[in-house]
Amino acid sequence: MAKSSKDYFGLGRLVSIILAIIPFTAWILGAVTRFTEGKIVAALIRLIFGFTIVWICDLILMIVKGRILRLLNI
């Protein structure tokens with residue numbers, strides 16, 4: 001079984017789902033996760049648009065796949 005990368009600092013899936021449900025923590029942790037990956041443009045997009053479509057997509061993807069939205073590989 002291949003090791004999968006988990007979002008929100010490698011926390012377990014259940015903890016990550018709980019954090020993704022809460023809009024404020026999903027907004028902050030999503031941006032911080034992208035900053036730590038070195039994806040500054042993606043982090044800024046999350047900070048600006050984090051409470052809208054990005055949050056809904058993150059929530060759905062966290063429940064289904066266990067990771068948050070990755071659109072930009074910048």
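Our subject is the structure that appears above.
Residues numbered from 1 in each chain as written. Predicted model: local features only at pLDDT ≥ 70, side-chain atom pairs only at ≥ 80, totals over all residues. Heavy atoms only, no water.

**Overview of the overall build of the protein chain**
Using the following cut-off: To qualify as a helix, a DSSP run of H or I must reach at least 4 residues; to qualify as a strand, a run of E must reach at least 2; elements of each kind are numbered from the N terminus. Using a 1.4 Å probe on the protein chains alone, a residue whose accessible area is under 20% of its type maximum counts as buried, one over 50% counts as exposed, and one in between counts as partly exposed. What sets the accessible areas is the Shrake-Rupley method with a 1.4 Å probe; for residues, cover comes only from the shown protein chains.
Scanning the protein chain for helices and strands turns up 5 helices and 0 strands. If you list the helices and strands of the protein chain from N to C, you get α-α-α-α-α. When burial is assessed residue by residue, the protein chain has 34% of its 74 residues classed as buried. For the protein chain, the exposed area adds up to about 4,800 Å²; of that, 76% sits on carbon and sulfur atoms.

**Let's talk about the packing of aromatic side chains**
For any pair of aromatic rings, the description rests on two quantities: the centre-to-centre distance and the angle between the ring planes. This is how the line gets drawn: Two rings from Phe, Tyr or Trp (for Trp, the six-membered ring) form a pair when their centres sit within 6.5 Å of each other. Planes less than 30 degrees apart are called stacked, planes more than 60 degrees apart edge-to-face, and all others tilted.
Under the defined criterion, the tally for this structure stands at 1 aromatic pair. Aromatic side chains phenylalanine 24 and tryptophan 27 sit 5.9 Å apart centroid to centroid with 55° between the ring planes, which places their arrangement in the tilted category. In this pair, phenylalanine 24 and tryptophan 27 both sit in helix α3 (residues 23–36), 3 residues apart, roughly one turn of the helix.

**Some remarks on the pattern of salt bridges**
Applicable threshold: Basic side-chain nitrogens of Lys or Arg form a salt bridge, by our definition, when they fall within 4 Å of a carboxyl oxygen of Asp or Glu.
Inspection of every chain in the model, using the stated rule, returns 2 salt bridges. Here arginine 34 and glutamate 37 are joined by a salt bridge, their closest N and O atoms 3.0 Å apart. With relative accessibility at 2%, the residue arginine 34 sits in the buried group. Relative accessible area serves as the criterion here: at 33%, glutamate 37 is assigned to the partly exposed category. The closest approach of N and O atoms between lysine 39 and glutamate 37, which form a salt bridge, is 3.7 Å. Among the charged side chains, a network of salt bridges with common partners joins Arg34, Glu37 and Lys39.

**Structural notes on the side chain of threonine 33**
Put simply, the rule is: A 3.5 Å cut-off defines polar contacts: any pair of N or O atoms within that distance qualifies, except that in protein one atom must be a possible hydrogen donor and the other a possible acceptor, and neighbouring residues in sequence count only when both atoms are side-chain atoms.
Within the fold, threonine 33 resides in helix α3. For threonine 33, a relative accessible area of 5% corresponds to the buried category. Reaching out from threonine 33, the side chain makes a polar contact with the backbone oxygen of leucine 29 at a distance of 2.6 Å.

**Quick notes on the nonpolar core**
Using the following cut-off: Nonpolar core, defined: a set of buried Ala, Val, Leu, Ile, Met, Phe, Trp, Tyr and Cys residues in which side-chain atoms within 4.5 Å join the residues together.
One finds Tyr8, Ile17, Leu19, Ala20, Ala26, Leu29, Leu59, Met62 and Ile68 forming the largest nonpolar core, which totals 9 residues. Contributions of two or more residues to this core are made by α2 (13–21), α3 and α5 (53–64). With 3 residues, the top contributor of residues to this core is α2.

Function-wise, these values are silent; they only describe arrangement.
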